[in-house]
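Residues per chain, in single letters:
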Amino acid sequence: MGKATREAYGEALRELGARFKDIIVLDADLSKSTKTNLFAKEYPNRFFNVGIAEQNLVGTAAGLAAAGKIPFVSTFAIFASGRAFEQIRNSVCYPKLNVKIAATHAGLTVGEDGATHQAIEDISLMRTIPNMTVIVPADATETHQAVTFAAQYKGPVYIRLGRMGAPDVFGGDYEFCHGKAVQLAEGNDLTIIATGMMVATARRAADELTQAGLSARVLNIHTIKPIDVAAIVAAANDTGAIVTCEEHSIIGGLGSAVAEVLVENAPVPLERVGVLDVFGESGTPDALLAKYNLTVADIVRAAKRVVSRKK
Amino acid sequence: MVAQLTPAKLTELNERAQAVRRNIVAMITEAQSGHPGGSLSAADILVTLYFAEMRVDPHSPQDADRDRFVLSKGHAAPVLYATLAEKGFLPHSELLTLRKIDSRLQGHPDMKGIPGVDMSTGSLGQGLSAANGMALAGKIDERDYRVYALLGDGELEEGQNWEAAMFAAHYKLDNLTVFVDNNGLQIDGPVADVMSPLPIPEKWRAFGWNVIEIDGHDYDAIYQAIQTAKTVKGRPTMVVAATVKGKGVCRMENMVDWHGKAPSHEECTLILSEMDD
C-alpha cells in the first residue's frame, strides 16, 4: 500500500511553499487530518486556521485571491463541496478567482465516521460549476504533480483526496498532463475508465479479465473537468464497450461525465461501477468497498455484462 | 473630534450624493427592475468613502496598494455603479444599461467586467469573508491599504457573517472597516419582525469589534467614524449606520415596498423633479 493522497498533498504543499511565496493555506480545524499541518509548521505566517467555519473558509480564500494570493483551502470533501457549495460557486467560480480547494477524506473510505462524513456527491457538485477544474488523483505521485499543477494554473481548482493509503500506480517518471487521460493497459474488448483510488482496482480487474479471455484497455481519468473527450471517444471506437469506476455516486460523477461524452459522440454500451444512489455507513474501508460494490469482482462482473451487450 | 470635512467638501459630497441618487432612480427605472430602497439608503456612505477617503484611481483600478470596497449587500449595485461613474470608473452613459442583456452592469456586481468593482457579490452573507481575505492579504504583504465593506442589516441574518466576524477579530484585522446600512427593513418587512438581528452594536462588540454608532446620512459623522477606525489598533471596526431606506426620495422613504421595485417612467419623471426642489 502506498501513501495516502492527502499525505502527498501535505508534502507537495510544503515543498511548493518555498517556490510560491504567494501560497497561503487555510484550514477549518482539520489540519492534522488534511495534512496542511506540514505547511503550517514550515510557514506559520502563511497558514490560517479559520475554525469550524467552512463558508468563511472559502469566502476568505476568495478575498485573498482577489488580492493576488494563491490560497489553498482544505477540509473534508463533504464540508468543502457541501457546506460551502454556494460560496465556491458565487465567491470563487463566478469571479474566476485563483482559489484551490483540496478536499480530503472523500468517498466511502473515510470509513468508520459513517455516512455523514462520506462525500459521494462532490465530483458531481463541483463539475457542474462553470470555470471549475476538477482533479481526482489516483496515487501519491499523481497527487504531488496535480497539486503542483494547481499552484501554477490560474483559476479555481478542486482536488479530491482520500484518507486511506492508495496503492502506487505511477513511477517516478510519471508526468501529469492536465485534462489528458492516461492509458495504463491496452486491450480490445472493452475499456475500463477509472478515477482516484479506483484506478488501482481497475488495473487489477483488467488483469483478472485476461484470465477470463477478455482484454481491457484501462484509462485513468484524473481530470474530470475538463474531461478528455478524445480519449473516451477513441476508447469507444476501438473497444466498443466502457465500464466506469469511481468511489462516488453513479449520479453526476465520472460515470455520468463519460456517459455524456459517449451519447453525444460514440454511443456504445456502458456500465457504471460506483455507489448506487445510497448513503454509506460506518465500517472499515475494505468492508465498505465490498458492501457497496467497489471491488475487483464488481468491475469484472460489469465488464462481462458490458461485453455481452456489444452488438 | 478626530477630523473634519471642510465646508467645500461637504458641499461636494452633498452634490455628488444628489447626482448618485438621481442616477439610481433613472437606471432602475430604465431597467424596470432593481433595488432602489437599499441603494438610496447607502448613497451617503459610499459617496463619503469614495470622495473623502478611499485611495482609488480610475486610471489604475487594479493598483495593488488601492483601498478596497466590498458591497456585500450586492443588490444595492446601482449605488455602487452610480458612485463609480461619478468617480470616473465608468461612463455615465453606461449606467442606463443596468440589468440589460450584454451589459457589464449586472443586477449584482461582477468584478470580472467592471473596473473599480473589487468583489463579485449578491448572495447575501458572503462579502465580509472576502473583505477579510483582502485585509489579511494586506497584513501579510505589509501594505497600508484599507478594506471597506457594506452589509445590510437584514443581511446579518446570514450565519456566514458571524463566522467572518470571529475571524476578523481573531486575526486582528484593524485595516478593515465595515458599515451596516441599518435601514431597518428587509423584503418581508421590518428586520425586527422578520428575524431580529437586534441589538446590532452589542453583537459586534461581543465578537470583539470596535463599534461606532452614527447617523448614516451625516457626512461629518461618516467621515469621523472612518478616521477613528484608522486609529484603532488590533481590532476591526464596525460602523452601525442608522439610515432611512429610500433616503432622498420622499415617496420611497421607509417604505418596504420599494425594496425591490422599479418606478414607472411617469413616477421617475415626478421623482426627479421633486428632487430638484
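What you see is a predicted model, and the numbers here were worked out from it, not measured in a lab. (Residues numbered from 1 in each chain as written. Chains lettered and ligands numbered in written order. Predicted model: local features only at pLDDT ≥ 70, side-chain atom pairs only at ≥ 80, totals over all residues. Heavy atoms only, no water.)

Caption draft 1: Quick peek at the overall build of chain B. Broken down by element type, chain B carries 10 helices and 7 strands. Over its C-alpha trace chain B gives a radius of gyration of 17 Å, about what one expects of a compact globule, namely 19 Å for 277 residues. Projecting the C-alpha coordinates of chain B onto the three principal axes gives extents of approximately 50 × 45 × 40 Å. Residues classed as buried in chain B amount to 59% of the 277 residues present. Residue pairs in contact within chain B that sit at least 24 positions apart in sequence constitute 77% of those at least 6 positions apart. For chain B, the exposed area adds up to about 10,400 Å²; of that, 51% sits on carbon and sulfur atoms. Within chain B, the 38 negative side-chain charges are centred at a point lying 4 Å from the centre of the 26 positive side-chain charges. (Helix = DSSP H or I, 4+ residues; strand = E, 2+ residues; numbered from the N terminus. Rg over C-alpha atoms; globule rule 2.2 N^0.38 Å. Buried < 20%, exposed > 50% of the residue type's maximum accessible area, 1.4 Å probe, protein only. Contact = heavy atoms within 4.5 Å. Areas by Shrake-Rupley, 256 points an atom, 1.4 Å probe, with all protein chains shown as cover. Lys, Arg positive; Asp, Glu negative; His and termini not counted. Charge placed at Lys NZ, Arg CZ, Asp CG, Glu CD.)

Caption draft 2: Just the interface of chain B and chain A, in detail. Opposite the 26 residues of chain B that make contact, chain A presents 24 residues. At the boundary of chain B with chain A, total buried surface from both sides reaches about 2,000 Å², with 58% on carbon and sulfur atoms. Area buried by chain B at its contact with chain A is led by Gln126(B), Ile140(B) and Glu163(B), which between them contribute 25% of it. The tally of links between chain B and chain A comes to 1 salt bridge. With a closest N to O distance of 2.5 Å, Lys69(A) and Asp141(B) form a salt bridge. Counting residues per element, the side of chain B that touches chain A draws most heavily on helix H5 (residues 127-140) of chain B, at 8 residues. The class makeup of the residues in the side of chain B that touches chain A is 12 nonpolar, 8 polar and 6 charged. (Buried area = accessible area lost by both parts, 1.4 Å probe. Salt bridge = Lys/Arg side-chain N within 4 Å of Asp/Glu carboxyl O. Nonpolar A, V, L, I, M, F, W, Y, C, P; charged D, E, K, R; others polar.)

Caption draft 3: How the structure looks around the sheet that holds strand E8 (residues 190-194) of chain A. Residues and elements named next belong to chain A. Pairing is mixed across the open sheet formed by 5 strands, whose spatial order is E7-E9-E8-E11-E12. For this open sheet the edge positions go to strand E7 (182-185) and strand E12 (270-275), each flanked by a neighbour on one side alone. When strand polarity is set aside, the average angle formed by the axes of neighbouring strands in this sheet is 25°. Pairing of E8 with strand E9 (residues 216-220) involves 5 bridges; the strand directions are parallel. Looking across to E9, one finds that Leu190 is bridged to Ala216. Against the sheet, helix H10 (residues 229-239) touches E8, E9 and strand E11 (242-249), its axis set at about 175° to E9. Sitting on the sheet, helix H13 (residues 296-308) is in contact with E8, E11 and E12, with an inclination near 160° to E12. (Pairing = 2+ DSSP bridges. Axes fitted to C-alpha atoms, helices over the stretch in contact; angles between N-to-C directions.)

Caption draft 4: Here's a closer look at the side chain of Lys100(A). Residues and elements named next belong to chain A. With respect to the helices, strands and loops of the structure, Lys100 is situated in strand E4 (residues 100-104). Of the side chains with opposite charge, Asp22 lies nearest to the buried Lys100, which makes no salt bridge, at 12 Å. From its side chain, Lys100 meets the backbone oxygen of Tyr153 in a polar contact 2.7 Å long. (Polar contact = N/O pair within 3.5 Å; in protein donor to acceptor, adjacent residues only side chain to side chain.)

Caption draft 5: Summary view of the packing of aromatic side chains. This structure, assessed with the given rule, holds 12 aromatic pairs over all chains. Centre to centre, the rings of Phe149(A) and Phe176(A) are 5.7 Å apart; their planes meet at 50°, and the pair counts as tilted. Separated by 27 residues along the polypeptide, Phe149(A) in helix H8 (residues 140-152) and Phe176(A) in the loop between strand E6 (157-160) and E7 bring together distant segments of the chain. We note that Phe149(A), like Phe176(A), is buried. With a centroid separation of 4.8 Å and an interplanar angle of 55°, the aromatic rings of Phe167(B) and Tyr171(B) are classed as tilted. Owing to a relative accessible area of 3%, Phe167(B) belongs among the buried residues under this scheme. (Phe/Tyr/Trp six-rings, centres within 6.5 Å; stacked < 30°, edge-to-face > 60°.)

Caption draft 6: Expanded view of the side chain of His222(A). Residue and element names in this part refer to chain A. The residue His222 is located in the loop between E9 and strand E10 (223-225) in this model. Overall, the relative accessible area of 0% leaves His222 in the buried class. Polar side-chain contacts of His222 include one of 2.9 Å to the backbone oxygen of Lys180.

Caption draft 7: Representation of the pairing of strand E1 (residues 68-71) of chain B in the model. All names here are of chain B. Going residue by residue along E1, you find Arg68 and Val70 tucked away on one face and Phe69 and Leu71 tucked away on the opposite face as well. When E1 meets strand E2 (residues 147-152), the two strands line up parallel, connected through 4 bridges. Along E2, the bridge assignment pairs Phe69 with Tyr148.

Caption draft 8: Focus on the pattern of salt bridges. On inspection of all chains with the given rule, the structure shows 29 salt bridges over all chains. In this structure, the salt-bridge partner of Arg127(A) is Glu260(A), at a minimum N-O distance of 2.7 Å. Of this pair, Arg127(A) sits in helix H7 (residues 122-127) while Glu260(A) sits in helix H11 (residues 254-265); the two residues are 133 residues apart in sequence, bridging distant segments of the chain. With a closest N to O distance of 3.0 Å, Lys9(B) and Glu12(B) form a salt bridge. Here Lys9(B) pairs with Glu12(B), and both are found in helix H1 (residues 7-31), just 3 residues apart, close to one helical turn. Look at the salt bridges and you will find they share partners, linking Asp22(A), Lys69(A), Asp65(B), Asp141(B) and Arg143(B) into a network.

Caption draft 9: Quick peek at the sheet that holds strand E3 (residues 176-182) of chain B. Residue and element names in this part refer to chain B. Reading across the sheet, the 5 strands line up as E1-E2-E3-E7-E6 and stay open at both edges, with parallel pairing between neighbours. The strands lining the two open edges of the sheet, one partner per strand, are E1 and strand E6 (210-215). On average, adjacent strands in this sheet sit at an angle of 20° to one another, irrespective of strand direction. Contacts between helix H9 (residues 219-231) and the sheet are confined to E2, E3, E6 and strand E7 (237-242), with E6 contributing the most and set at about 170° to the helix.

Caption draft 10: Representation of the nonpolar core in the model. Formed by 144 residues in total, the largest nonpolar core has its most connected members in Phe69(B), Leu176(B), Trp204(B) and Trp209(B). Counting 60 residues, the second-largest nonpolar core is a separate cluster that includes Phe72(A), Val147(A), Val243(A) and Leu288(A). (Core = buried A, V, L, I, M, F, W, Y, C linked by side-chain atoms within 4.5 Å.)

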